[in-house]
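The lines below spell out each chain.
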Amino acid sequence: MRILVTGASGWIGSAAVTELLAAGHQVVGLARSDASAARIAALGADVRRGDIDDTDGLRAAAADSEGVVHLGYNHDFSRMAEAAATDRAAIEALGAGLAGTGHPLLIAAGTLGVAFGRVITESDIPDATLHPRTANATVALSLADTGVRPIVVRFAPTVHGAGDHGFISTLVQVAKTKNLSGYAGDGANRWPAVHVRDAATLIRLAVEDAPAGSVLHAAAEEGIPARRIAEAIGNGLNLPVAPIPATDLDEHFGWIGRFFAADAPASSEATRTLRGWKPTHPTLLDDLTAGHYFH
Ligand SMILES: NC(=O)c1ccc[n+]([C@@H]2O[C@H](COP(=O)([O-])OP(=O)(O)OC[C@H]3O[C@@H](n4cnc5c(N)ncnc54)[C@H](OP(=O)(O)O)[C@@H]3O)[C@@H](O)[C@H]2O)c1
């Protein structure tokens, strides 16, 4: 298939491009800068210059493809509502470009925030009032009515591996700054995780075969206790590990505190029925033991 990938220069996008190319697909990566174009070209993909703000360009790019993987996103936390609105417009434009073709449109979402304190499944419907982005998955799924094959992949909050610049590397930075690897409460709250290459495999399988309207969980591990994560970070940095009182979470961790304190496990049982998706790459704790987060 000729697949357009937005966010192809990013963390998950780069792995997805590599996976899709290795499976024999033709990949066109959307690039908004020379640097991103060079990163995408170095992966072996074709480059299409464009921006996720440019809906006409997205529509045309999607129409030139046989399927879209939409991973581009503006993660500026000071502009969350604006980023979500841009994402929604981008999804609608990509969907318009694919309308009537039956081609896949895979969009990214997160497992975090669907529900707390219990194991969520792919059939859980998130509370759209929690985050301005949440409703975008519903918008994507509704495109099935227009002859698109929409797929939502909810990624675990930690898509880990060498080169990760997301949640786990942020926790490592916090620990370095505070000279302490902390966790909230008794540290029993759980975080799901997936290795970036297992996530990439799931993306490929989904684009190839997932039925219209699929909601999938890129969560290789259902939930790792936060205390185990903090201990692995403490070991890696040779720092003490300690609980942080609830009243000090914001001060200690910054923005990531409220996420790291959440109990948010996610099952991928239904997802694994998709052509037998079976994660094979290192677990989060193995990845933390490997040392690359601490160089
Ligand atoms: N990583 C995780 O743990 C995780 C967890 C849950 C959900 N997700 C979701 O999965 C998706 C991919 O995440 P990621 O970690 O791979 O993100 P990332 O590394 O931050 O990559 C973001 C990508 O979006 C592109 N982008 C941003 N603004 C753009 C614009 N205006 N025009 C064109 N491209 C633009 C970036 O291009 P440049 O190279 O030009 O900056 C980059 O390729 C996102 O939707 C993210 O929210 C990720």
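Residues numbered from 1 in each chain as written. Predicted model: local features only at pLDDT ≥ 70, side-chain atom pairs only at ≥ 80, totals over all residues. Heavy atoms only, no water.

Below, the discussion takes up helix 7 (residues 196-209). Given a rise of 1.5 Å per residue, 14 residues ought to cover 20 Å, and the 20 Å separating the end C-alpha atoms of helix 7 matches this to within 8%. Judged by how many residues are buried, helix 7 sits mostly within the fold: 12 of 14 residues are covered. Burial in helix 7 covers these residues: Val196, Asp198, Ala199, Ala200, Thr201, Leu202, Ile203, Arg204, Leu205, Ala206, Val207 and Glu208. (Helix = DSSP H or I, 4+ residues; strand = E, 2+ residues; numbered from the N terminus. Expected span 1.5 Å × (residues − 1). Buried < 20%, exposed > 50% of the residue type's maximum accessible area, 1.4 Å probe, protein only.)

Turning to the site of the ligand, a few remarks are in order. In the region of the ligand, 22 residues are neighbours, and Ser9, Arg32, Ser36, His75 and Arg133 sit closest. Between the ligand and the protein, one listed contact pairs an oxygen atom with a backbone N or O atom of glycine 10 at 3.0 Å. Contact distances for the ligand include 3.0 Å between a nitrogen atom and a backbone N or O atom of isoleucine 52. In isolation the ligand has 900 Å² of accessible area, and contact with the protein removes 86% of it. When contributions to the shell around the ligand are tallied by element, the ones reaching two or more residues are helix 1 (11-22), helix 2 (34-43) and strand 5 (104-110). (Near = heavy atom within 4 Å. Polar contact = N/O pair within 3.5 Å; in protein donor to acceptor, adjacent residues only side chain to side chain. Areas by Shrake-Rupley, 256 points an atom, 1.4 Å probe, with all protein chains shown as cover.)

Take the sheet that holds strand 11 (residues 221-225) next. Ordered by their spatial adjacency, 3 strands build an open sheet running 7-9-11, and the pairing between neighbours is mixed. Two strands bound the open sheet, and with one partner strand each, they are strand 7 (158-160) and strand 11. Each strand of the sheet is rotated relative to its neighbour by a mean of 45 degrees, with strand direction disregarded. Each of strand 7 and strand 9 (190-195) touches helix 7; the most contacted strand, strand 9, lies at about 70 degrees to it. (Pairing = 2+ DSSP bridges. Axes fitted to C-alpha atoms, helices over the stretch in contact; angles between N-to-C directions. Contact = heavy atoms within 4.5 Å.)

Moving on, we come to the sheet that holds strand 2 (residues 26-31). The strand order 3-2-1-4-5-6-10 describes an open sheet built from 7 strands, whose pairing is parallel. At either end of the open sheet lies a strand with only one pairing partner, and these are strand 3 (46-49) and strand 10 (214-218). Taking each pair of neighbouring strands and ignoring which way they run, the sheet shows an average axis angle of 25 degrees. Where strand 2 lies against strand 3, 4 bridges are found, and the strand directions are parallel. Paired with leucine 30 across the two strands is arginine 48, which belongs to strand 3. Across the sheet, helix 5 (residues 135-142) is in contact with strand 5, strand 6 (149-155) and strand 10; its angle to strand 6 comes to roughly 155 degrees.

Taken domain by domain, the protein holds domain 1 (2-158 + 194-220) and domain 2 (163-192 + 222-264 + 282-290). On a C-alpha basis, the centroid separation for the pair domain 1 and domain 2 is 27 Å. Across the boundary between the two partners, domain 1 contributes 15 residues, which contact 17 residues of domain 2. Of the roughly 1,400 Å² buried between domain 1 and domain 2 on both sides combined, carbon and sulfur atoms contribute 68%. Summed over the three residues of domain 1 that lose the most area to domain 2, namely Trp11, Leu112 and Thr158, the buried surface amounts to 37% of that side. In this structure, the connection of domain 1 to domain 2 is made through 0 salt bridges. Summed over the shared surface of domain 1 and domain 2, the number is 1 residue pair in polar contact (both at pLDDT 80 or more). (Domains from an automatic or database assignment. Buried area = accessible area lost by both parts, 1.4 Å probe. Salt bridge = Lys/Arg side-chain N within 4 Å of Asp/Glu carboxyl O.)

This part is about empty space enclosed by the protein. Across all of its chains, the model carries 1 cavity of 30 Å³ or more by this definition. What the largest cavity holds in volume is close to 40 Å³. Lining the largest cavity, in full, are Leu171, Val174, Ala175, Leu180, Ser181, Gly182, Ala230, Ile233, Phe253 and Phe260. Listed by contribution, the elements that provide at least two residues to the lining of the largest cavity are helix 6 (167-178), strand 8 (181-184) and helix 8 (226-237). The element best represented in the lining of the largest cavity is helix 6, accounting for 3 residues. Here the residues of the lining of the largest cavity are counted per class, giving 8 nonpolar, 2 polar and no charged. (1 Å grid on protein atoms, 1.4 Å probe; cavity = no way out; pocket = protein on both sides within 12 Å on 5 of 7 lines; lining within 4 Å. Points joined across faces, edges and corners; volume = space filled by probe spheres on them. Nonpolar A, V, L, I, M, F, W, Y, C, P; charged D, E, K, R; others polar.)

Turning to the pattern of salt bridges, a few remarks are in order. A side chain of one charge can pair with a side chain of the opposite charge if their charged atoms are brought near each other. Inspection of the entire model under this criterion finds 13 salt bridges. With a closest N to O distance of 2.7 Å, aspartate 64 and arginine 48 form a salt bridge. Of this pair, aspartate 64 sits in the loop between helix 3 (55-63) and strand 4 (68-70) while arginine 48 sits in strand 3, and the two are 16 residues apart along the sequence. Its salt-bridge partner being arginine 204, residue glutamate 208 comes within 3.1 Å of it at the nearest N-O pair. Taken together, the positions of glutamate 208 and arginine 204, both in helix 7 and 4 residues apart, correspond to about one turn of that helix. For the pair glutamate 208 and arginine 204, a shared accessibility class is recorded, and that class is buried. What emerges from the salt-bridge pattern is a single network uniting Glu19, Arg204, Glu208, Asp209 and Arg275.

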